[in-house]
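Residues per chain are reported as follows:
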Amino acid sequence: MERKHFIRNIVMTVVAPVLLLSACNTKKTADKGEQTYTCPMHPQIIQHGPGSCPICGMDLVAVSAAGKRNELMLDRNQVALANITTITAGAGDLGNFKRLNGRLSVNPQRTVYISSRVPGRIEQLYVKETGVPVHKGQPLYKIYSEQLASLQQEYLVAVAQREAFPDNARFQQIEDAARQKLQLYDVSAHTLEQIRQNKKADPYITYTAAVNGVVAAVSAGEGQYVAEGSTILQLENYDQLWVEADVYPAELNQVRIGQQVKVAVSGWEDQAADMQVEFISPALQTGTQVARLRGTISNNKQLWQPGMQANIYLPAAQRSNVITLPAGAVIRDEKGAHIWIRKGRDRYIPRMVKTGAENADQVEIKEGLQAGETVVVSGAYLLYSEFVLKKGANPMAGHHH
């Protein structure tokens, strides 16, 4: 009996410290918790422990796991800094649109080719680079031309004859004809007056720009001999641009020449422009099986450049008595579409919704929203990022439609 008691005491002496140490370690682990990290630019990246984002390479930042409720609490100052605004959802009309992918291009009717009016040598080229803006009356190039020198000499002889015999109508006609020849070669009235006053022919003539534009091509260089009609410069005017869009055969019955449509250039969606359809190609483009639609938009402020992407919205049937939200209020990701609902004065709750028809400005909400609820319309993406940083999870994780 004493032997058993002795053995039990030995076992308790050895095992008790081990159990106590294990319990302490378990408590420390529970108290410490596990820190998670995410990327500020790609909040879908979440891992345990510091590191770098596999997408952009930025250092991951620690997120707070405090608060298990699927909502955010923001005070008045935070709302003001994030520029969060809300509206009350209600039913109304939605003008539906069909969206076509398009692009901006140069309007060839606004393109001007500067060509040499006479054969000669380019003595000086005042504009040598593409992309340079040119204004009407600005010198473009100086040319040496023996033909122009000969015509100027004829003009000086005619002027001298007319001055010697001012009452002779025949000499007046000869002078007028000599002046007209030079004008046909684009010799300006100012240059003609200088030749007349100096009484000396000048084989070097400077030609100026007849219109405003941007240099799109330079086809000649200094010292180069050019023939009559040779292109020297190409000027393009971007005050008006073509908008071209691809139209599938099934969509051709929705568009017609003269129809008014909306154009939204990528990056300037809030500055949609009105456009009239001016042309629809009568045949499908080779190799693409699409037709081409074209119109013209004004670009007086020079906001846009040829080559930019644009969306063309064709008006379709209008829907009535539907709940709509501004397009910026709806956030879309791999989970679907969701919005932010404000409850009370400082609670913001994410909610999955099902969208329907939409246009450039509005989106129909078919499920997930009731009339009278308060919805965030600006600052929704900031709420999304704030939720990920605070909670360490996507606000729509676990939500399904």
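You'll find the structure just up there.
This write-up is about the structure you can find in this document.

Rules used in this analysis
Residues numbered from 1 in each chain as written. Predicted model: local features only at pLDDT ≥ 70, side-chain atom pairs only at ≥ 80, totals over all residues. Heavy atoms only, no water. Helix = DSSP H or I, 4+ residues; strand = E, 2+ residues; numbered from the N terminus. Buried < 20%, exposed > 50% of the residue type's maximum accessible area, 1.4 Å probe, protein only. Contact = heavy atoms within 4.5 Å. Areas by Shrake-Rupley, 256 points an atom, 1.4 Å probe, with all protein chains shown as cover. Pairing = 2+ DSSP bridges. Salt bridge = Lys/Arg side-chain N within 4 Å of Asp/Glu carboxyl O. Phe/Tyr/Trp six-rings, centres within 6.5 Å; stacked < 30°, edge-to-face > 60°. Lys NZ or Arg CZ within 6 Å of the ring centre and 35° of its normal. Expected span 1.5 Å × (residues − 1). Core = buried A, V, L, I, M, F, W, Y, C linked by side-chain atoms within 4.5 Å. Lys, Arg positive; Asp, Glu negative; His and termini not counted. Polar contact = N/O pair within 3.5 Å; in protein donor to acceptor, adjacent residues only side chain to side chain. Axes fitted to C-alpha atoms, helices over the stretch in contact; angles between N-to-C directions. Parallel < 35°, antiparallel > 145°, perpendicular 65-115°, else oblique. Left-handed = near helix turned anticlockwise from the far one by under 90°. Nonpolar A, V, L, I, M, F, W, Y, C, P; charged D, E, K, R; others polar.

### Looking at the overall build of the protein chain
Scanning the protein chain for helices and strands turns up six helices and 24 strands. The buried share among the 401 residues of the protein chain stands at 35%. Of the contacts made within the protein chain by residues no fewer than 6 positions apart, 70% connect residues no fewer than 24 positions apart. For the protein chain, the exposed surface amounts to about 23,600 Å²; the carbon and sulfur share of it is 51%.

### What to know about the sheet that holds strand β9 (residues 133-134)
Taken in spatial order, the four strands line up as β7-β14-β12-β9 in an open sheet, and their pairing is antiparallel. Edge positions in the sheet fall to β7 (111-115) and β9, since each of these pairs with one other strand and no more. Sheet analysis places β9 next to strand β12 (residues 213-218), joined by two bridges and oriented antiparallel. In the sheet register, Val134 faces β12, and the bridge partner there is Gly213.

### Thoughts on the environment of Ala245
Inspection of the secondary structure assignment puts Ala245 in strand β15 (residues 240-247). Looking at Ala245, the relative accessible area reads 0%, which means it is buried. Ala245 sits 143 residues away from Gly102 along the chain, and the two C-alpha atoms are 3.9 Å apart.

### A closer look at the sheet that holds strand β10 (residues 139-144)
Read from one edge of the open sheet, four strands run β11-β10-β8-β13, paired in antiparallel fashion. Two strands lie at the open edges of the sheet, namely β11 (204-208) and β13 (225-226), each paired on one side alone.

### Describing the pattern of salt bridges
As enumerated under the stated definition, the model contains 14 salt bridges in all. One salt bridge connects Asp176 with Arg179, and the closest N-O pair in it is separated by 3.1 Å. Of the two residues, Asp176 and Arg179 are both situated in helix α4 (residues 169-184); the distance of three residues between them amounts to about one turn of the helix. On the basis of relative accessible area, Asp176 is assigned to the partly exposed category, the value being 33%. For the salt bridge of Glu373 with Lys343, the shortest nitrogen-to-oxygen distance reads 3.8 Å.

### Remarks on the packing of aromatic side chains
For the structure on display, the rule yields four aromatic pairs. Relative to Phe171, the ring of Phe165 lies with its centre 5.4 Å away and its plane at 45°, an arrangement referred to as tilted. Over the ring of Trp242 we find Arg294, and its NZ or CZ is 3.9 Å from the ring centre.

### Looking at α4
Here α4 spans 23 Å end to end across 16 residues, near enough to the 22 Å set by a 1.5 Å rise per residue. Buried residues belonging to α4 abut α3 (146-164) and α5 (189-198). Among the residues trailing α4, Asp186 stands out with phi positive, at a value near 65°.

### Examining unusual backbone geometry
Phi at Gln302 takes a positive value of approximately 55°, unusual for a residue other than glycine. Looking at where Gln302 falls in the secondary structure, it is placed in the loop between β18 (291-298) and β19 (309-326). Positive phi, close to 55°, is recorded for Asn321, a residue that is not glycine. Classification of Asn321 as exposed rests on a relative accessible area of 65%.

### Observations concerning the nonpolar core
Leu140, Tyr141, Leu148 and Tyr207 are the most contacted members of the largest nonpolar core, which totals 30 residues. Mapped onto this core, the elements with two or more residues apiece are β8 (120-125), β10, α3, α4, α5, β11 and β14 (231-236). Per-element tally for this core: the top contributor is α3, with six residues. Setting aside residues up to four positions removed in sequence, Leu140 forms contacts with Ile114, Leu125, Tyr126, Val127, Val134, Tyr207, Thr208, Ala209 and Leu233. Core analysis: the next-biggest nonpolar cluster, separate from the first, contains 23 residues, Leu104, Ala245, Val255 and Ile297 among them.

### So, the side chain of Arg294
With respect to the helices and strands, Arg294 occurs in strand β18. This buried residue, Arg294, is left without a salt bridge; Glu244 holds the nearest opposite charge, at 4.6 Å. Those residues in contact with Arg294, other than ones at most four positions away along the chain, are Trp242, Val243, Glu244, Gln276, Val277, Glu278 and Phe279.

### Remarks on the side chain of Asn237
For Asn237, the position within the fold is in the loop between β14 and β15. Polar contacts involving the side chain of Asn237 include one to the main-chain amide nitrogen of Asp239, which spans 2.8 Å. Not counting the four nearest positions on each side in its chain, Asn237 is found in contact with Arg110 and Asn212.

### Points about the pairing of strand β17 (residues 273-280)
Note that strand β16 (residues 260-265) and β17 share four bridges and pair antiparallel. Looking at the pairing, Lys262 lines up with Asp274 of β17. One ladder, built from three bridges, connects β17 with β18; its direction is antiparallel. By the bridge assignment for β18, Val277 is matched with Gly295.

### Observations concerning the packing of α3 against α5
Taken N-terminus to C-terminus, the directions of α3 and α5 make an angle of 60°; their axes are 10 Å apart at the nearest point. Classified by the interaxial angle, the pair formed by α3 and α5 is oblique. Helix-helix and strand crossings are classified by hand; for α3 and α5 the assignment is right-handed. Contacts from Gln152, Tyr155, Leu156, Val159, Arg162 and Glu163 of α3 reach α5 at Leu192, Ile195 and Arg196. The residue makeup of the contact of α3 with α5, split by class, is five nonpolar, one polar and three charged.

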